[in-house]
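# Report on the structure
Each chain, written out:
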Amino acid sequence: QQLREKQKAKFIYGVLEKPFRNYFARAQKLKYGTTGDNLMILLELRLDNVMFRLGYGRTRKEARQIVDHKHVLVNGKTVNIPSYQLKAGDVIEIKEKFKGAQRYKEVTGARLVPAWLEADHEALSGTVKAIPTRAEIDVPVNDVLIVELYSK
């Protein structure tokens with residue numbers, strides 16, 4: 001069960017084993033919250049995941065590709081690293097040159113944007129208002145089992 005939960009989390013966020021282990025190590029070092037909660041928060045604050053949450057990619061893989069292809073500005077700077085860790089207050093936007101692309105014309109407010117994010121679909125931008133709490137992360141993963149697995 002523990003392994004299945006870890007594999008599920010890795011698959012949902014599109015993270016391989018080594019980076020996932022590194023996220024777990026970072027989550028253990030954080031001073032606030034439990035390790036499981038911190039792990040989910042670190043995964044949720046990845047740039048590719050935030051792009052997906054804002055609705056600029058239909059899937060996390062598509063959002064990852066958008067970041068890879070340098071379509072994204074974070075606080076006015078080009079970022080092409082899908083695992084880039086965002087902080088509260090960061091502003092994410094699609095570059096001016098790509099705003100006319102068909103994929104972004106289809107962006108509507110159809111997907112529900114989480115409370116910890118603020119999306120402006122007209123300007124194709126979004127802001128990380130706050131660091132999410134575990135209750136705001138609606139991923140069906142039991143983080144306690146992942147912590148138990150790595151604690152062996």
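Our structure's up above, just so we're on the same page.
Residues numbered from 1 in each chain as written. Predicted model: local features only at pLDDT ≥ 70, side-chain atom pairs only at ≥ 80, totals over all residues. Heavy atoms only, no water.

## Focus on the pairing of strand β4 (residues 117-120)
Spelled out, the test is: Think of it this way: DSSP has to see at least two bridges between two strands before they count as a pair. Secondary structure follows DSSP: runs of H or I at least 4 residues long count as helices, runs of E at least 2 residues long count as strands, and numbering of each begins at the N terminus.
Bridge analysis of β4 against strand β5 (residues 125-128) gives four bridges, and the strand direction is antiparallel. Of the residues in β5, the one forming a bridge with Asp120 is Ser125. In textbook terms, the turn of a hairpin is the stretch between consecutive antiparallel strands, and for β4 and β5 this stretch comprises four residues, one of which, Leu124, has a positive phi near 50°.

## Focus: the environment of Phe98
Heads up, the condition is: In what follows, residue pairs with any heavy atoms lying within 4.5 Å of each other are defined as contacts.
Looking at the secondary structure, you find Phe98 in the loop between β3 (91-94) and α6 (102-105). Residues Phe98 and His71, 27 residues apart in the sequence, show an inter-C-alpha distance of 6.6 Å. Once you skip the residues sitting within four places of it in the chain, Phe98 turns out to touch Lys70, His71 and Tyr104.

## Some words on the packing of helix α2 (residues 17-29) against helix α7 (residues 143-150)
Rules: Orientation is described by axes fitted as lines to C-alpha atoms, over the contacting stretch for helices, and by angles from 0 to 180 degrees between their N-to-C directions. In what follows, roughly perpendicular refers to angles from 65 to 115 degrees, roughly parallel to angles under 35, roughly antiparallel to angles over 145, and oblique to any angle outside these ranges. Think of it as three bins: nonpolar holds Ala, Val, Leu, Ile, Met, Phe, Trp, Tyr, Cys and Pro, charged holds Asp, Glu, Lys and Arg, and polar takes everything else, Gly as well.
Where α2 contacts α7, the two axes come as close as 12 Å, and the packing angle between them is 95°. In terms of axis orientation, α2 runs roughly perpendicular to α7. Seen from α2, the contacting residues are Glu17, Phe20, Arg21 and Phe24; seen from α7, they are Ile146, Val147 and Tyr150. Tallied by class, residues from the contact of α2 with α7 come to five nonpolar, no polar and two charged.

## Side note on the nonpolar core
Short version of the rule: In this text, buried Ala, Val, Leu, Ile, Met, Phe, Trp, Tyr and Cys residues form a nonpolar core when linked through side-chain atoms within 4.5 Å. The cut-offs for exposure are 20% and 50% of the maximum accessible area for each residue type, with area from a 1.4 Å probe on protein chains only; residues under the lower value are buried, those over the upper are exposed, and the others partly exposed.
The biggest cluster of nonpolar side chains holds 41 residues, and the ones touching the most others in it are Leu47 and Met51. Those elements that place two or more of their residues in this core are α1 (2-13), α2, α3 (35-44), α4 (47-54), α5 (60-68), β1 (72-74), β3 and α7.

## Considerations on the pairing of β5
Along a regular strand, successive side chains alternate from one face of the sheet to the other. Here β3 runs beside β5; their pairing, made up of three bridges, is antiparallel. Pairing of Glu93 across the sheet is with Ser125, part of β5.

## A look at the pattern of salt bridges
For clarity, the threshold we go by: Salt-bridge detection follows one rule: a side-chain nitrogen of Lys or Arg within 4 Å of a carboxyl oxygen of Asp or Glu.
Counted by the stated rule, this structure contains 13 salt bridges. Ionic pairing is found between Lys8 and Glu5, a salt bridge with its closest N-O pair at 3.3 Å. Remark: Glu5 and Lys8 occur in helix α1; sequence separation between them is three residues, near one turn of the helix. On the basis of relative accessibility, which here comes to 12%, the residue Glu5 falls in the buried class. Among the ionic pairs, Glu44 bridges to Arg53, the shortest N-O distance being 2.4 Å. Arg53 gets classed as buried once you look at its relative accessible area, which sits at 10%. Among the charged side chains, a salt-bridge network with shared partners connects Lys6, Lys10, Glu17 and Arg21.

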